[in-house]
Amino acid sequence: MTTYASRIMPTYGRLPVSFSRGAGELLFDGDDRPYIDGVSGIAVTNLGHCHPAVTKAITAQAGALVHTSNLYRIDTQEALAATLTDATGMDNVFFCNSGAEGNETAIKLARQYGAQKGIEHPGIVVLEAAFHGRTMAALSATGNEKLQLGFGPMLEGFYRVARDDIEAISRLAEAHANIVAVLVEPIQGEGGVYPLPVEYLKQLRAICDQHQWLLMFDEVQCGNGRCGSLYAFQRIGVTPDVLVTAKGLGNGVPIGACMARGDAAEVMAPGHHGTTYGGNPLACSAAQAVVDTLIGEQLWDRADPIRAAVLEGFRERLAEPGWVREVRGTGLMIGIELTLPCDGLVQCGLDQGVLLNVTAGRTVRLLPPLVMSDENARVLGGGVAEAIGAMMARQTQTKGA
Ligand SMILES: Cc1ncc(COP(=O)(O)O)c(C=O)c1O
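Described below are features of the structure shown in this document. Please read all numbers here as calculations on a predicted model, not as lab measurements.

Criteria and cut-off values
Residues numbered from 1 in each chain as written. Predicted model: local features only at pLDDT ≥ 70, side-chain atom pairs only at ≥ 80, totals over all residues. Heavy atoms only, no water. Helix = DSSP H or I, 4+ residues; strand = E, 2+ residues; numbered from the N terminus. Rg over C-alpha atoms; globule rule 2.2 N^0.38 Å. Buried < 20%, exposed > 50% of the residue type's maximum accessible area, 1.4 Å probe, protein only. Contact = heavy atoms within 4.5 Å. Areas by Shrake-Rupley, 256 points an atom, 1.4 Å probe, with all protein chains shown as cover. Lys, Arg positive; Asp, Glu negative; His and termini not counted. Charge placed at Lys NZ, Arg CZ, Asp CG, Glu CD. Disulfide = S-S within 2.5 Å. Expected span 1.5 Å × (residues − 1). Polar contact = N/O pair within 3.5 Å; in protein donor to acceptor, adjacent residues only side chain to side chain. Near = heavy atom within 4 Å. Pairing = 2+ DSSP bridges. Phe/Tyr/Trp six-rings, centres within 6.5 Å; stacked < 30°, edge-to-face > 60°. Lys NZ or Arg CZ within 6 Å of the ring centre and 35° of its normal. Axes fitted to C-alpha atoms, helices over the stretch in contact; angles between N-to-C directions.

Further remarks concern the overall build of the chain. Helix and strand counts for the chain stand at 13 helices and 17 strands. Computed over C-alpha atoms, the radius of gyration of the chain comes to 21 Å, within 12% of the 21 Å expected from 2.2 N^0.38 for 401 residues, which places it in the range of a compact globule. Taking the principal axes of the C-alpha coordinates as reference, the chain spans close to 65 × 55 × 45 Å. Put simply, the chain has 401 residues, and 53% of those count as buried. Taking all contacts inside the chain whose residues are at least 6 apart in sequence as the whole, residues at least 24 apart take part in 72%. If you sum the accessible surface of the chain, you get close to 17,900 Å²; carbon and sulfur atoms cover 53% of it. Here the chain contributes 31 positive and 42 negative side-chain charges, whose respective centroids are spaced 5 Å apart.

This part covers the state of the cysteines. Under the definition given, this model contains zero disulfides. In this model Cys 96 remains outside any disulfide bridge; the closest cysteine sulfur is found in Cys 258, 7.3 Å from its own. With a relative accessible area of 1%, Cys 96 lands in the buried category. Its sulfur unpaired, Cys 222 is 5.2 Å from the next cysteine sulfur, which belongs to Cys 227. According to the relative accessible area criterion, Cys 222 is buried, its value standing at 1%.

Let's shift gears to helix α4 (residues 99-116). Given a rise of 1.5 Å per residue, 18 residues ought to cover 26 Å, and the 26 Å separating the end C-alpha atoms of α4 matches this to within 8%. Within the sequence span of α4, burial applies to Gly 99, Ala 100, Gly 102, Asn 103, Glu 104, Thr 105, Ala 106, Ile 107, Leu 109, Ala 110, Tyr 113 and Gly 114. Where α4 begins, the side chain of Ser 98 points an oxygen toward the backbone nitrogen of Glu 101, at a separation of 3.2 Å. Remark: Gly 118 follows α4 within two positions and exhibits a positive phi of approximately 85°.

All right, on to unusual backbone geometry then. With an omega of 0°, the peptide bond between Gly 152 and Pro 153 qualifies as cis. Locating Pro 153 in the fold gives a position in the loop between α6 (145-148) and β6 (158-161). The phi dihedral of Ala 129 falls on the positive side, at around 65°, and the residue is not glycine. You can call Ala 129 partly exposed: its relative accessible area is 22%.

By nearness alone, 13 residues border the ligand, and Gly 99, Ala 100, Asp 218, Gln 221 and Lys 247 come closest of all. Contact between the ligand and Gly 99: an oxygen atom at 2.8 Å from a main-chain N or O atom of the residue. In the complex, the protein chains occlude 82% of the 390 Å² of accessible area that the ligand would expose alone. Considering each element in turn, the shell around the ligand owes the most residues, three residues, to α4.

Moving on, we get to the environment of Val 346. Position of Val 346 relative to the elements: it lies in helix α12 (residues 345-352). As a C-alpha pair, Val 346 and Ala 387 span 41 residues in sequence and 7.9 Å in three-dimensional space. With residues near it in sequence (within four places) discarded, Val 346 still touches Leu 15, Leu 356 and Val 358.

Quick look at the side chain of Asp 37 now. Tracing the backbone through its elements, the reader meets Asp 37 in strand β3 (residues 34-37). Within polar-contact distance, the side chain of Asp 37 engages the backbone nitrogen of Val 39 at 2.9 Å. Here Asp 37 is in contact with Glu 25, Leu 27, Thr 45, His 49, Leu 355, Pro 368, Pro 369 and Met 372, once residues within four sequence places are set aside.

Turning our attention to the sheet that holds strand β1 (residues 19-23). Where strands meet in a sheet, backbone hydrogen bonds hold them as pairs that are either parallel or antiparallel. Sheet architecture is open: four strands sit in the order β1-β2-β3-β15, paired in mixed fashion. Only two strands of the sheet have a single partner each, and these edge strands are β1 and β15 (354-355). With four bridges connecting them, β1 and strand β2 (residues 26-29) associate as antiparallel partners. Directly across from Gly 22, in β2, lies its bridge partner Leu 27.

The next thing to look at is helix α11 (residues 303-317). Across its 15 residues, α11 extends 22 Å between first and last C-alpha, which sits within 8% of the 21 Å expected from 1.5 Å per residue. All of the buried residues in α11 are Ala 303, Ile 306, Arg 307, Ala 309, Val 310, Leu 311, Gly 313 and Phe 314. Turning to α11, the residues buried within the fold contact β13 (324-330), β14 (333-338), β17 (363-366) and α13 (374-400).

Here we come to the packing of aromatic side chains. The full count for this structure, using the stated rule, is one aromatic pair. One residue, Arg 21, lies across the ring of Phe 28, its end atom 3.8 Å from the ring centre. The cationic tip of Arg 328 hangs over the ring face of Tyr 194; the distance from NZ or CZ to the ring centre is 3.9 Å.

The subject of this paragraph is the side chain of His 49. Inspection of the secondary structure assignment puts His 49 in the loop between α1 (40-43) and α2 (52-64). Residues in contact with His 49, not counting those within four places in the same chain, are Gly 22, Ala 23, Gly 24, Leu 26, Leu 27 and Asp 37.

This paragraph deals with the sheet that holds β13. Pairing in this open sheet of four strands is antiparallel, and the strands run β13-β14-β17-β16 from one edge to the other. Two strands in the sheet have a free side with no partner beyond their single neighbour: β13 and β16 (357-359). The mean angle between the axes of side-by-side strands here comes to 25°, regardless of whether they run parallel or antiparallel. Sheet topology places β14 next to β17; four bridges connect them, and they run antiparallel. Residue pairing for β17: Ile 334 is matched across the bridge by Leu 366. Packed on one face of the sheet, α11 meets β13, β14 and β17 and runs near 170° to β13.

Right, dumping it as structure tokens:
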């Protein structure tokens, strides 16, 4: 088959496989070989591929109306906003098209919140190893110098602290009167699958209350049922002022959302922010089907049992327990940190018929969908263990050669 890979700007290191169809937790390549999907398009297809409710909603909406403009009222957008605010306790929503855009919105909202309080150079506290996206403000908030290299100057106004150091944030509060907000992922994803401790998040909430800072949660990856509640903050029991999500919200149809409550919901006014596609009828219909399905079936209750089955299958087939340094994460954000680099592991996974991802160098990241059967979850875990075994064997052979 002719391929046109060279016609694509080479920003991604891609694997030599492409998929022609998907169903639930399975993806099929051009030869119709099935793969168990332990990645879900990086935490996107939380309801599995081609979920019937989402397919039906997209199909019906595509036949009725795809796009109008935010110049006009959009009924599907208002309905989705009502569902999301009812389900989260937030007051209002701005819709955009991706996680990075959701964070751009939150960053602009925080700066505007500061401006309205008379703060000229508002600052936002962010964490080491954070990932908030690739657009310039989101990249500046991201705590990974490798991703920023060559794209400077970064946006100013971010104060970065270690992820588990609450004292560092208290010290910042004393030193800088211009701070207006804290932006964190409650469960860091790209940074290596690290849940922030509940106690830490409670203390963060208290510091924000004390200084009238906005507590902003980036739930782009951990939200939409993945971590055992509709949004992770609901399981954690710490409510943010600003809640950003995307990825799983549309189950593959691009949509992001920045929700706000209380004072944060009063900040934005006409002309402050906008995007052409944000919250268009097609995207909102898909997201409405996603959220209705999640809520209607309380699908997040599957997160912990699927996690347990994946890890059971993994432990049963892992040849050498010493290869694993730590297992981390919450619900269906599973991080398995290995003691050795994961070079070639994803390809070994493909050979086993399982899709897995590696982040932060040595951490195997599994993000299976909420619709995965226990049986396939065990097969996924076992396949990952076999892939690690195969990788270790290859590494040993290469060293010996
Ligand atoms: C926590 C978090 N925030 C933001 C983003 C950026 O989202 P997007 O790629 O949709 O811009 C990601 C993507 O991986 C993410 O994991």
